[in-house]
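Architecture and fold: a report
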Amino acid sequence: MSGINKTNAARLLDKAKIKYELVPYEVDENDLAATHIATQLDEDIRQVFKTLVLKGDKTGYFVCVVPGDAEVDLKKAAKVSGNKKVDLIPMKELLPTTGYIRGGCSPVGMKKAFPTYFHSTCMDFDYIYVSAGVRGLQLKIAPADLVKYVRASVAEIIVEK
């Protein structure tokens, strides 16, 4: 682990005594997609999760963490979060809302603890990857530990292929 600076997300997990690994990857400014990260890490795209921030008409901001090759189903996300209508937030709202930038948004350590929903397939794996809070660094972590730590719910929130 030499040479990798611990992120705020990693420090929070240390404090909570949760096991994880910090895994670096090459950033491609033109390709911030999770598929790029999965290829770099030589991992199954279904284990590389992306963190998306949405805003509901009733509850305000909330977070969906979904497999890297999946899309959030806005109707399902609205239903589980208690909203009638939800949308992904505009990119310019991401940093002021969460403290994170696109391509480096972690479900751990946002400015506020927003309601968080993980897609149910996260529980199919011994470990999953999520952003460590900066571009170029992923957290490899047991999904049950992560879901419990961020007090998330597990739900069906993606568009079925």
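Model, not experiment: these values are computed from the prediction. (Residues numbered from 1 in each chain as written. Predicted model: local features only at pLDDT ≥ 70, side-chain atom pairs only at ≥ 80, totals over all residues. Heavy atoms only, no water.)

Unusually for a residue other than glycine, lysine 17 sits at a positive phi of about 60 degrees. Position of lysine 17 relative to the elements: it lies in the loop between helix H1 (8–15) and strand E1 (20–24). Judged by relative accessible area, lysine 17 falls into the exposed class, the value being 75%. You will see that aspartate 42, though not glycine, has its phi angle at about 55 degrees, which is positive. Residue position: aspartate 42 is located in the loop between helix H2 (34–41) and strand E2 (49–56). (Helix = DSSP H or I, 4+ residues; strand = E, 2+ residues; numbered from the N terminus. Buried < 20%, exposed > 50% of the residue type's maximum accessible area, 1.4 Å probe, protein only.)

As a further point, take empty space enclosed by the protein. One pass over the structure, following the stated rule, counts 1 cavity of 30 Å³ or more. Estimated volume of the largest cavity: approximately 30 Å³. Along its surface, the largest cavity is lined by Tyr25, Val27, Asp28, Asp31, Leu32, His36, Ile37 and Gly103. Its residues assigned to classes, the lining of the largest cavity comprises 4 nonpolar, 2 polar and 2 charged. (1 Å grid on protein atoms, 1.4 Å probe; cavity = no way out; pocket = protein on both sides within 12 Å on 5 of 7 lines; lining within 4 Å. Points joined across faces, edges and corners; volume = space filled by probe spheres on them. Nonpolar A, V, L, I, M, F, W, Y, C, P; charged D, E, K, R; others polar.)

Before going further, it helps to examine the packing of aromatic side chains. Each aromatic ring pair is characterised by the separation of its centres together with the angle its planes make. With the rule as written, the count across this model stands at 3 aromatic pairs. The interplanar angle of 65 degrees and the centroid separation of 5.8 Å between the aromatic rings of tyrosine 61 and phenylalanine 114 together place this pair among those described as edge-to-face. Note that tyrosine 61 is positioned in strand E3 (residues 60–67) and phenylalanine 114 in the loop between helix H4 (91–98) and strand E5 (116–119), a separation of 53 residues in sequence. Their ring planes at 90 degrees and their centres at 5.8 Å tell us that tyrosine 127 and tyrosine 129 sit as a pair that is edge-to-face. Given a relative accessible area of 25%, tyrosine 127 falls into the partly exposed group. By relative accessible area, which is 3% here, tyrosine 129 ends up buried. The positively charged end of lysine 140 is found above the aromatic ring belonging to tyrosine 127, 4.2 Å away from the centroid. (Phe/Tyr/Trp six-rings, centres within 6.5 Å; stacked < 30°, edge-to-face > 60°. Lys NZ or Arg CZ within 6 Å of the ring centre and 35° of its normal.)

A few words now on the layout of surface pockets. Quantified by volume, the largest pocket comes out at close to 570 Å³. Taken together, 25 residues form the lining of the largest pocket, with Lys50, Thr51, Leu52, Arg102 and Gly103 sitting closest to its centre. When residues in the lining of the largest pocket are grouped by element, the largest group, 5 residues, is from E2. Among the residues forming the lining of the largest pocket, the class breakdown is 17 nonpolar, 5 polar and 3 charged. Here the second largest pocket defines a volume of roughly 230 Å³. Lining the second largest pocket are 13 residues, with Pro107, Lys112, Ala113, Phe114 and Val150 positioned closest to its centre.

Before going further, it helps to examine the environment of proline 90. Positionally, proline 90 belongs in the loop between strand E4 (86–88) and H4. Note on proline 90: relative accessible area 36%, which makes it partly exposed. Along the primary structure proline 90 and leucine 12 are separated by 78 residues, whereas in three dimensions their C-alpha atoms are 27 Å apart.

These results come straight from atomic positions and should not be treated as a statement about function.
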